[in-house]
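Residue-level structural notes
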Amino acid sequence: MLKFNKHHAPWLAAALLAVVSLGAQAQADLRSGTIFSSGMKFEEKDGESLYRGICQGCHMPDAKGAQGAGAYPALADDPRLAAKAYPAIMVLKGSRAMPSFAMGLDDAQVAAVVNYVRSHFGNSYRDTLSAAEVKALRK
Amino acid sequence: MSTRDVPSAMSRRELLMMIGSVAGSAVSYRAMASLGLTTESKYQGPIRLEGDVKGATVLILGAGIAGMVAALELRKAGYQVQVLEYNNRAGGRNWTLRGGDSYTELGGFTQKCEFDKGLYLNPGPWRIPYHHRGILDYCKRLGVALEPFVQVNYNALVHSSKAFGGAPRRYREVQADFNGHVAELLSKEVAQKKFDKKVTKEDREMLLEALKEWGALDKKGAYVPGRESSERRGYLKPPGGGLSAIPEFSRNIMPMDELLQSRLWAAIGAGHNYEMQTTLFQPVGGMGRIGDAFRREVGNLIRFNAKVTRIQQDAGKVTVNYVDTVKGGATQAATADYCLCTIPLSVLSQIEVNVGAKMQAAISAVPYEASCKVGLQFKRRFWEEDEHIYGGISYTDLPIRLIGYPNTDYHSGGKGVLLGAYVFGPNAYEFTAMSPEERVMKAYEYGKMIHPQYRDSFETGVAVGWHRVPWTLGCAGAWTEEKRAQHYENLCQLDGRILLAGEHASHIPAWQEGAVLSSLDAISRLHKRVISA
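As annotated in an unreviewed UniProt entry, chain B carries the name Tryptophan 2-monooxygenase and is attributed to Solimonas aquatica. Comment text from UniProt for chain B, heading Pathway (unreviewed entry), reads "Plant hormone metabolism; auxin biosynthesis." The annotation that UniProt attaches to chain B under Sequence similarities (unreviewed entry) is "Belongs to the tryptophan 2-monooxygenase family."

So, in structure tokens, the structure goes:
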């Protein structure tokens, strides 16, 4: 959770109003962002932090994706996530506009974020991906 | 000069290697990168497309720099040109956010820019190197006024939250002390004839003299408080006039070990790179003035709010389907003999287009970089009034990475907008993943650690995370050497009646010059095909 101090007061009110007016999606967004990695590796460890710190930039806080000139696919209620290797490969290799995160995330982080997405946003796959399985997929 | 038999003279590269072994590889890499491995812009002056174009028609997709360069030149050569553009404005990533502008990013987050009149943020490109001759020539031809962009400001700050108690240092102090320490160290080694296998006797004397000058060493070859070092790092009390004229030399030289450990030296290389070397320019009034100027020339050819959904070619023509993003309605079709597509690959890779397998693979091969910029308006130009920082950039290890000062309206006495964050890498993802309001808040919080005046002067901000920009899905194509080897030539081919242009089809990624040169190269080849048909 963000820490607010008194010096925010004059404009925080306006910022909060703007955020609230954007609805539930933006409120969820306010819970994120307290982790800033110090180098070229991501330092978020658990699945939720990884999703909030990286994935929701494109796939959005509610995982419903977005549509502009091009689109970001929804991860919510996504039958393509049934095979746990699929999201892991996407994260490791990237696809079209999506960059590869093979360098920025270690095996445990890839497993954590895949397991998080596969068990949230209307996805309820019971099986989990292990770091060892991620390691094997890197080859 | 004696014949250079043995021992061989020390090369500049070897000198840099030595510096690198002292300072860490980053410095020597940066220094070497500026040693002439790069080439000048291939721009040869205004393009000449001569010959009978036989009434040929060209459909251009995208009214960014590449698209509008092509529109302007092809029309001039006699082609019938039409342009489809997704946005309701021209320029693409040549873009300035001003007070009164409204911007909605993906996810529906809308920001109303509340900057005062005349103040702005360039969310995309913000500087033009002097050797980017193509984009500069269009500025000249289209009457876009330029002013200097300050890349290196010796009085700006270099900051590490982990060094010197979190207190920023001045750029000139960091550079002077780093060079001074390295020069003294090398000078001692050279004087002790440590490099006699590499440096001739004559060159040894020359090298000692050069090191003394380069590092501001005293007569004994030491980097110590005195006139020499003060002339680089500044005085404790600068020379003045009248009875208060006597200067006091600077005494607070940073110890070498502390300076090395601080990593502040990493910030003094940026201005050495070819693309950042003085002189750089910016358009007066914001980078978007270039897009505005092109629009004045070719705006009547552009159909705005047109979202391309399909690109199909057959033996005789190209047909592009699009929908009007404002009025909606049925899918419409535009046809032409040829199509120049400047749509970013991040978007184009999602559009059905019947090109060959190799070009298709190239279109799908390039992911797009994350980047984020935050603009912050302050009611007072405290950086000028309190700290005498006129333009340029301060660097920090905080997630905002830098603070850019306005290179214009000095001494205006009014408000000003700082670039409060310009972020790549993991921090760019983390910034983009936040709401715009939170990005502004974070830029404020971190910037306040460097300039406490933020607290009393901050008014309003805007933030652009490039992965959420609806029409690019990222800031620029992220090529790697491997991907270039495999796909670049295939991407740039004329495939039947379709060819591509944009920064992604250049070797100057993320620079406007890349878009210009790519466009000129593409239309030259297209024209050759047309007149020889």
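Next up on the list: the interface of chain A and chain B. Contacts between the two partners involve 47 residues from chain A, matched on the other side by 45 residues from chain B. Buried area between chain A and chain B, summed over both chains or domains, comes out near 3,700 Å², and the portion from carbon and sulfur atoms is 62%. Across the contact surface, chain A and chain B share zero salt bridges. Counting the contacts that link chain A with chain B gives twelve residue pairs in polar contact (both at pLDDT 80 or more). Those elements that provide at least two residues to the side of chain A that touches chain B are α1 (9-21), α2 (24-30), α3 (47-59), β1 (66-67) and β2 (71-72) of chain A. Of the residues forming the side of chain A that touches chain B, the biggest block, six residues, is contributed by α3(A). Across the side of chain A that touches chain B, the residue classes break down as 26 nonpolar, 15 polar and six charged.

Residues and elements named next belong to chain B. Inspection of every chain in the model, using the stated rule, returns 29 aromatic pairs over all chains. For the pair W126 and Y422, a centre-to-centre distance of 5.7 Å together with 90° between the ring planes defines the contact as edge-to-face. Note that W126 is positioned in the loop between β6 (120-121) and β7 (128-129) and Y422 in strand β21 (residues 416-423), a separation of 296 residues in sequence. A residue is classified by how much of its surface remains accessible, and W126, at 10% relative accessible area, is buried. Its relative accessible area of 16% is what places Y422 among the buried residues. When the ring of Y444 is compared with that of F458, the centres are 5.2 Å apart and the planes differ by 50°; the resulting orientation is tilted. On the criterion of sequence distance, the pair formed by Y444 in helix α14 (residues 436-450) and F458 in strand β22 (residues 458-465) is long-range, its members being 14 residues apart. Each member of the pair, Y444 as well as F458, is classed as buried. A cation over a ring is seen here: K373 above Y422, with NZ or CZ 4.5 Å from the ring centre. Across the ring face of Y338, the terminal group of R497 is positioned such that the distance to the ring centre comes to 5.2 Å.

Turning our attention to the sheet that holds β7(B). All names here are of chain B. Taken in spatial order, the three strands make up an open sheet running β7-β11-β8, and their pairing is antiparallel. Of all the strands in the sheet, the pair left with one neighbour each is β7 and β8 (146-149). Pairing of β7 with strand β11 (residues 280-283), which is carried by two bridges, proceeds in the antiparallel orientation. Within β11, the position partnered with I128 by the bridge is F281.

To continue, consider the pattern of salt bridges. Residues and elements named next belong to chain B. Scanning the model with the defined rule gives 24 salt bridges over all chains in all. The salt bridge involving R141 is made with E73; its shortest N-O contact spans 2.8 Å. You can see R141 sitting in helix α4 (residues 133-141) and its partner E73 sitting in helix α3 (residues 65-76), a full 68 residues away along the chain. Given a relative accessible area of 31%, R141 falls into the partly exposed group. Take E73: its relative accessible area is 3%, and that puts it in the buried class.

Residues and elements named next belong to chain B. Extensive coverage of strand β19 (residues 392-396) is indicated by the burial of five of its five residues. Residues of β19 alternate between two faces, with G392, S394 and T396 on one and I393 and Y395 on the opposite face, all of them buried. Where β19 lies against strand β20 (residues 402-405), four bridges are found, and the strand directions are antiparallel. Across the sheet, residue G392 finds its bridge partner in β20, namely Y405. Between the antiparallel neighbours β19 and β20 lie five residues, among them R401 with a positive phi of about 70°.

Thresholds applied
Residues numbered from 1 in each chain as written. Chains lettered and ligands numbered in written order. Predicted model: local features only at pLDDT ≥ 70, side-chain atom pairs only at ≥ 80, totals over all residues. Heavy atoms only, no water. UniProt positions renumbered as here; feature names shortened; annotations may be inferred. Contact = heavy atoms within 4.5 Å. Buried area = accessible area lost by both parts, 1.4 Å probe. Salt bridge = Lys/Arg side-chain N within 4 Å of Asp/Glu carboxyl O. Polar contact = N/O pair within 3.5 Å; in protein donor to acceptor, adjacent residues only side chain to side chain. Helix = DSSP H or I, 4+ residues; strand = E, 2+ residues; numbered from the N terminus. Nonpolar A, V, L, I, M, F, W, Y, C, P; charged D, E, K, R; others polar. Phe/Tyr/Trp six-rings, centres within 6.5 Å; stacked < 30°, edge-to-face > 60°. Buried < 20%, exposed > 50% of the residue type's maximum accessible area, 1.4 Å probe, protein only. Lys NZ or Arg CZ within 6 Å of the ring centre and 35° of its normal. Pairing = 2+ DSSP bridges.

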